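Working through the structure, step by step
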Amino acid sequence: SALGGGVNLADLSLASIDTIEIYRGFTPSYLTSGSIGGAINIRTKRPAPASGGAARRRVSQTGVVSYGSYQTAEAAGTVSFSGRRLDGLVSGELTRTEGDFRFFDNNGTPDEGGDDRFTTRLNNDFERADLLGRTGAAVSDDARLDLQAGCTTRTQGVPGIDALQSEDARSRGSRALFKAGYSDDSFLIDTLRLNLALHHTRPTQEFE
């Protein structure tokens, strides 16, 4: 976010991620905030490039549905289009799981084996919905304007410690992100590059 601070990687949708760049040590100038400890730059998907000539439009779609253990399910899809001057992309993902796995519980008494047992993890369900949209337009051969908006909602149980599980504690959260950017690869002179960006983030968190 604009204010900095920690980032919960579990809130990021894998369906909307294109590449992950890891910098060890000093970071490149275009990341705007330097850090001697390095940086992780997560790039979201971009529209597929136009094919077969500058004026030919290209439309592509991808989708995936998966199901696994503990009633874990995921559905994700992406639609993008690219033309001579304008392009855009919409990506969405729905994820959920019951998380009711079996585990060994020592009942909080590691030195007493008589009360040890295997039990099921309670109140460990998780649901998340993510939607990403972006569009861009070429202002000239070297200049471009981009708009991006994303929204993520999450609700999950908070089971607590293994020896004393909570059956009704809940956590809910959402994050809305808006970004506008302008870039010019030959600003004033051919060797000068201009990058402008405006960010707005609205997070909400609730614990019951």
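Just above, that's the structure.
Attention here is on the structure that accompanies the text. (Residues numbered from 1 in each chain as written. Predicted model: local features only at pLDDT ≥ 70, side-chain atom pairs only at ≥ 80, totals over all residues. Heavy atoms only, no water.)

This part covers the overall build of the protein. When helices and strands are counted, the protein shows zero helices and 13 strands. Across the protein, helices and strands are ordered from the amino to the carboxyl terminus as β-β-β-β-β-β-β-β-β-β-β-β-β. Since a compact globule built from 208 residues should have a radius of gyration of about 17 Å, the 22 Å found for the protein marks it as more spread out than a globular shape. C-alpha extents for the protein along the principal axes are approximately 75 × 40 × 30 Å. Going through the 208 residues of the protein one by one, you find that 26% of them count as buried. Long-range contacts, defined as pairs at least 24 residues apart, comprise 53% of the intrachain contacts of the protein with a sequence gap of at least 6. Summed over all atoms, the accessible surface of the protein reaches about 13,800 Å², with 56% contributed by carbon and sulfur. Seen as two clouds, the 23 positive and the 27 negative side-chain charges of the protein have centres 10 Å apart. (Helix = DSSP H or I, 4+ residues; strand = E, 2+ residues; numbered from the N terminus. Rg over C-alpha atoms; globule rule 2.2 N^0.38 Å. Buried < 20%, exposed > 50% of the residue type's maximum accessible area, 1.4 Å probe, protein only. Contact = heavy atoms within 4.5 Å. Areas by Shrake-Rupley, 256 points an atom, 1.4 Å probe, with all protein chains shown as cover. Lys, Arg positive; Asp, Glu negative; His and termini not counted. Charge placed at Lys NZ, Arg CZ, Asp CG, Glu CD.)

A few words on the sheet that holds strand S3 (residues 58-68). Pairing in this open sheet of seven strands is antiparallel, and the strands run S3-S4-S5-S8-S9-S12-S13 from one edge to the other. The sheet is open, and its two borders are formed by S3 and strand S13 (194-207), each paired with just one other strand. Taking each pair of neighbouring strands and ignoring which way they run, the sheet shows an average axis angle of 5°. Two strands pair when backbone bridges link them, and strand S12 (residues 170-184) and S13 are joined in this way by 14 bridges, in the antiparallel orientation. If you follow Ala180 over to S13, its bridge partner there is Leu198. (Pairing = 2+ DSSP bridges. Axes fitted to C-alpha atoms, helices over the stretch in contact; angles between N-to-C directions.)

Let's shift gears to unusual backbone geometry. Phi angles above zero are rare outside glycine, and Asn123 is one such case at about 50°. Mapping Asn123 onto the fold places it in the loop between strand S7 (117-120) and strand S8 (126-138).

It is worth spelling out the environment of Asp116 at this point. With respect to the helices and strands, the residue Asp116 is situated in the loop between strand S6 (102-105) and S7. Taking the relative accessible area as the measure of exposure, Asp116 reaches 28% and is therefore partly exposed. Residues Asp116 and Ala163, 47 residues apart in the sequence, show an inter-C-alpha distance of 9.9 Å. If sequence neighbours within four positions are ignored, Asp116 has contacts with Phe104, Asp105, Asn106 and Thr109.

A contiguous nonpolar patch, built from Ile20, Ile22 and Ile40 and spanning about 340 Å² of accessible area, is present on the exposed surface. The residue Ile22 is located in strand S1 (residues 17-23) in this model. (Patch = residues over 30% accessible without salt bridge, like charges linked within 9 Å, V, L, I, M, F, W, Y side chains within 5 Å. Salt bridge = Lys/Arg side-chain N within 4 Å of Asp/Glu carboxyl O.)

In this section: the pairing of S8. One ladder, built from 12 bridges, connects strand S5 (residues 86-97) with S8; its direction is antiparallel. From the neighbouring strand, Leu94 faces S8, where its bridge partner is Ala129. Of the pairings in the sheet, the one linking S8 to strand S9 (residues 143-157) comprises 13 bridges and is antiparallel in character. Bridge pairing links Gly133 to Ala149 in S9.

Mapped onto the secondary structure, Arg128 falls in strand S8. Only 3.1 Å separates the side chain of Arg128 from the side chain of Glu93, close enough to count as a polar contact. Among all residues touching Arg128, those that are not within four sequence positions of it are Ala10, Asp11, Leu12, Ser13, Glu93, Leu94, Thr95, Thr152, Thr153 and Arg154. (Polar contact = N/O pair within 3.5 Å; in protein donor to acceptor, adjacent residues only side chain to side chain.)

Under the defined criterion, the tally for this structure stands at three aromatic pairs. Ring geometry for Phe104 versus Phe118: centroids 5.3 Å apart, planes at 65°, classification edge-to-face. Pair noted here: Phe104 is in strand S6 and Phe118 is in strand S7, with a separation of 14 residues, a long-range link. Among the aromatic residues, ring-to-ring pairing joins Tyr70, Phe101 and Phe103 into one connected group. Over the ring of Phe103 we find Arg121, and its NZ or CZ is 5.7 Å from the ring centre. (Phe/Tyr/Trp six-rings, centres within 6.5 Å; stacked < 30°, edge-to-face > 60°. Lys NZ or Arg CZ within 6 Å of the ring centre and 35° of its normal.)

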